Amino acid sequence: MYTYPKEYDVIVVGAGHAGCEAALASSRMGCETLIITMNLDSIALMSCNPAIGGIAKGHLVREIDALGGEMAKCIDKTGIQFRVLNTSKGPAVQACRAQADKQLYRLAMKSTLEREKRLDIKQGIVDKILIENGRVVGISINTGISYRSKAVILTTGTFLKGLIHIGLVNFPAGRAGEFPAERLSDDLRDLGFMIGRLKTGTPPRLDAKTINFSKLTEQKGDYEPKPFSYSTERIIQKQISCYLTYTNEETHKIIRENLDRSPLYCGVIKGIGPRYCPSIEDKVKRFPDKDRHQVFLEPEGYETKEYYANGVSTSLPIDVQIKFLRTIEGLENVEIMRPGYAIEYDFVLPTQLMPTLETKLIKNLYHAGQINGTSGYEEAAAQGLMAGINASLSIKGMEPVILDRSEAYIGVMIDDLVTKGTEEPYRMFTSRAEYRLLLRQDNADLRLREKGYKIGLVKEEEFHRLIKKREGIKDTIEKLKRGILKSTEVVNKKLKAIGTHIINEPVSLIELLRRPEVKYKDLIQFMNGDLNNPPSPPLEKGGFSEIAEQVEIQVKYEGYIQRELACVERFKRLEEKRIPHGLDFKSIPGLSTEVKEKLSKVKPLSLGQASRISGVTPSAISILMIYLEQFKKTIIKYGNNS
């Protein structure tokens, strides 16, 4: 075994979305970093949907950006269609989504990695984690080279013993056309990690030359594309359309007739699939009353004819895929460029992690992405960023960054994984967040930018922009409070034109803005002659700025926001009750055997985390709270040696 002469601070295994964020974070925080991947041409490859964002996922991307990550900047450069989803609903569930040119995205991220001065990139297949005295010291690859480091981050995606299924044919692969990681999975088992098995899938890619677009419903992007990154001024590249069609009863009939050739229904696939992103076989089987399902045809880039058939993920044989696709309107003569397939892969049960994403079993070994049982680029990238941050902070002897459930969707996701675990590919939803009115995508910078700046990932000018924005919001709200609207014929005429009721006595602009039908932009028309105590300087004219957006949301939802903040205060009180490291839960009297086992397995850091473990009852939390108070008094009385 040859030992590479350069020793690293951090080694990142895998260069998918988790690996890229982890490597960039650690190198930008001053750590000498190595990222090692099976194929340099697959860095940041979008192996499934060529899109970033969506409901809750868009929130994660903006939080990544607020903390100083790269994903948002990369999609802003390479997106080919941008849309804000759920615009008819409240701000808590609105989210950005963008189609990407998948090759441009890959190349842009690869270029970003290559330009990072403390980051080395190498190709190789990692087959062993090197451990000394319970601490990671590096990795070795299949060509007989070992690399030494102070920390290792595993971001293995679907490569751990990956097995692809197309019909009843299966073969080992990390994804179509790439080798699986066989030995690394065995090595993790040998180290004592509990390993599970999951399944995910992807739809066929179609040849645009064989699609009749005249029969499809065109879906254009937003007229004024909204960037993901707070650092992007505007989107300047050309936008292209997606298209919508539907399956039908004939489609479903063909699928039902061929379920005996589906690995899902023949017992060939053992891994558990994603409940919220089912294959078309699952949809037809589970929802027999539905006579059609949506199919979104999404372009994979400017210079390719490949279209992603979103909505018909499948592992049926290729002949069946062709047959059922050709029953769909607009696809009567379609040709498949790449078949859909299912893939099974190993993952490491995430309850074996601390909230920093460091493993409990081995010091300075971190896991991020699909190795933790998650699905999706955005979930992976968020974990990679946090693993990179915390590995770097650990090496420097500094306190970790742990985002709680009231601070970020990232905090919700990581807490769910390390506290509850997962038995299926975990996907982020707004419904998972208790405080989603506070955790909106529009205010991710206000929540997290300062943290990113303090750890060195957010640049000085970006942080100053945040300060200016905060001051602008505060000043504008004060202006609205001071601006008193007179009750005059001219004013009431303007109010009628807006579509709101007239006033018979003076009203502040902030009270007016609280009306559901009144928007911030409506207030601009009320000038000095309409107001007592007109604000100086006056309200800004022109477009709807990010300051105006925040003011409108904060004013209109003030009551709801205050109620959620009160809930957060109660949540914080439980989170602040820390559980001493190494506490023997099995020695606590009054707890059931089941609760003792669950607490011992998860090893919660706080009473709040303990309360979220499945099966830990409120009465058990009360017992634990009393025990901790007595424990604290004993320590104070007798000291740490008691």
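A. Structural detail: the sheet that holds strand 22 (residues 484–485). Taken in spatial order, the three strands make up an open sheet running 23-22-24, and their pairing is antiparallel. A strand with exactly one partner marks an edge of an open sheet, and here the two such strands are strand 23 (507–508) and strand 24 (531–532). Pairing of strand 22 with strand 23, which is carried by two bridges, proceeds in the antiparallel orientation. Considered in strand 23, the bridge of Ile484 is made with Ser508.

B. Looking closely at the packing of aromatic side chains. Under the counting rule described, the total for this entry stands at six aromatic pairs. Relative to Tyr147, the ring of Tyr4 has its centre 5.1 Å away and its plane inclined at 45°; by these criteria the two rings are tilted. With Tyr4 in the loop between strand 1 (2–3) and strand 2 (8–13) and Tyr147 in strand 10 (residues 145–154), the pair connects residues that are 143 residues apart, well separated along the chain. Looking at Tyr147, the relative accessible area reads 4%, which means it is buried. Seen in terms of ring centroids, Phe213 and Tyr307 are 5.4 Å apart; in terms of plane orientation they differ by 55°. Their pairing is tilted.

C. Seen up close, the sheet that holds strand 5 (residues 79–85). Spatially, the three strands line up as an open sheet ordered 4-6-5, and their pairing is antiparallel. Looking at the sheet topology across the chains shown, the edges are occupied by strand 4 (51–53) and strand 5. In this sheet, adjacent strand axes meet at a mean angle of 15° when their direction is disregarded. Sheet topology places strand 4 next to strand 6 (residues 95–100); three bridges connect them, and they run antiparallel. From the neighbouring strand, Gly53 faces strand 6, where its bridge partner is Arg97. Contacting strand 4 and strand 6, helix 2 (residues 57–67) runs over the sheet at an angle of about 80° to strand 4.

D. Highlighting the pairing of strand 18 (residues 306–310). Burial analysis of strand 18 places four of its five residues in the buried class, the great majority of the element. Where strand 14 (residues 205–207) and strand 18 come together, three bridges link them in antiparallel fashion. Bridging across to strand 18, Leu206 finds its partner in Tyr307. Pairing analysis gives four bridges linking strand 17 (residues 294–299) to strand 18, with the strands arranged antiparallel. Among the inter-strand pairings, Phe296 is bridged to a residue of strand 18, identified as Asn310. Counting the residues between successive antiparallel strands, the hairpin from strand 17 to strand 18 contains six residues.

E. Structural view of the nonpolar core. In this structure, Ile52, Tyr105, Ile153, Phe228, Met386, Ile389 and Ile410 are the most contacted members of the largest nonpolar core, which totals 73 residues. Here this core takes ten residues from helix 9 (residues 377–395), the largest share from any one element. With sequence-adjacent residues up to four places away left out, Ile389 is seen in contact with Ala25, Met29, Val401, Ile455 and Leu457.

F. Structural detail: unusual backbone geometry. For Asn133, which is not a glycine, the phi torsion comes out positive at approximately 55°. Here Asn133 lies in the loop between strand 8 (126–132) and strand 9 (135–141). According to the relative accessible area criterion, Asn133 is exposed, its value standing at 84%. Positive phi, normally seen in glycine, also occurs at Lys161, with a value near 50°. Looking at the secondary structure, you find Lys161 in the loop between strand 10 and strand 11 (163–166).

G. Representation of the pattern of salt bridges in the model. Under the counting rule described, the total for this entry stands at 51 salt bridges. A salt bridge links Asp120 to Lys6; its shortest N-O distance comes to 3.0 Å. Highlighted residues: Asp120 in strand 7 (residues 119–123) and Lys6 in the loop between strand 1 and strand 2, separated in sequence by 114 residues. Its relative accessible area of 21% is what places Asp120 among the partly exposed residues. According to the relative accessible area criterion, Lys6 is partly exposed, its value standing at 30%. Across the pair Asp65 and Lys73 runs a salt bridge whose closest N-O atoms are separated by 3.6 Å. Judged by relative accessible area, which is 0%, Asp65 ranks as buried. Overlapping salt bridges bring together Arg405, Asp415, Asp416, Lys420, Glu434, Glu575 and Arg612 as one network.

Calculation rules
Residues numbered from 1 in each chain as written. Predicted model: local features only at pLDDT ≥ 70, side-chain atom pairs only at ≥ 80, totals over all residues. Heavy atoms only, no water. Pairing = 2+ DSSP bridges. Helix = DSSP H or I, 4+ residues; strand = E, 2+ residues; numbered from the N terminus. Phe/Tyr/Trp six-rings, centres within 6.5 Å; stacked < 30°, edge-to-face > 60°. Buried < 20%, exposed > 50% of the residue type's maximum accessible area, 1.4 Å probe, protein only. Axes fitted to C-alpha atoms, helices over the stretch in contact; angles between N-to-C directions. Contact = heavy atoms within 4.5 Å. Core = buried A, V, L, I, M, F, W, Y, C linked by side-chain atoms within 4.5 Å. Salt bridge = Lys/Arg side-chain N within 4 Å of Asp/Glu carboxyl O.

Function-wise, these values are silent; they only describe arrangement.
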